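Below, each chain spelled out in residue letters.
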Amino acid sequence: MGVADAFALKRLNIPPQPSRARADKGVREIGWAEFGDVARDLAERIGRAFHPDVVLGVVNGGVFLGGALAVPLGCEFHPLRVEKRGKRSVVAEPLGNLR
């Protein structure tokens, strides 16, 4: 948890809650401050070898990271909603002029 996150919880009188992260599954819970650091580090690593024109963030999990990566990479960001239809996953919303 980042310093700002702990400060906000204390200021808002929100009781601490146990983490739902599953360390045995390789999942680590982070706060917003650490999220920013992780996203910047990832964008730097991506930018060394690849220069994307666009980042797609899959709704329900990838929008925050996609947006955080697009800015330092200097490219467009578009959210993308994917829905299950039967046994197939399909793009639920058009991407405008992206193909």
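Use the structure listed above.
Residues numbered from 1 in each chain as written. Predicted model: local features only at pLDDT ≥ 70, side-chain atom pairs only at ≥ 80, totals over all residues. Heavy atoms only, no water.

Under the definition given, this model contains two aromatic pairs. Judged by centre distance (5.5 Å) and plane angle (80°), the ring pair of Trp32 and Phe35 falls under edge-to-face. Here Phe35 and Trp32 lie together in helix H2 (residues 32-49), a separation of three residues that amounts to about one turn. By relative accessible area, which is 54% here, Trp32 ends up exposed. Among the aromatic residues, those joined into a cluster by ring pairs are Trp32, Phe35 and Phe64. (Phe/Tyr/Trp six-rings, centres within 6.5 Å; stacked < 30°, edge-to-face > 60°. Helix = DSSP H or I, 4+ residues; strand = E, 2+ residues; numbered from the N terminus. Buried < 20%, exposed > 50% of the residue type's maximum accessible area, 1.4 Å probe, protein only.)

With five bridges connecting them, strand E1 (residues 54-58) and strand E2 (residues 76-80) associate as parallel partners. Each bridged residue has a counterpart across the sheet, and for Val54 the counterpart in E2 is Glu76. (Pairing = 2+ DSSP bridges.)

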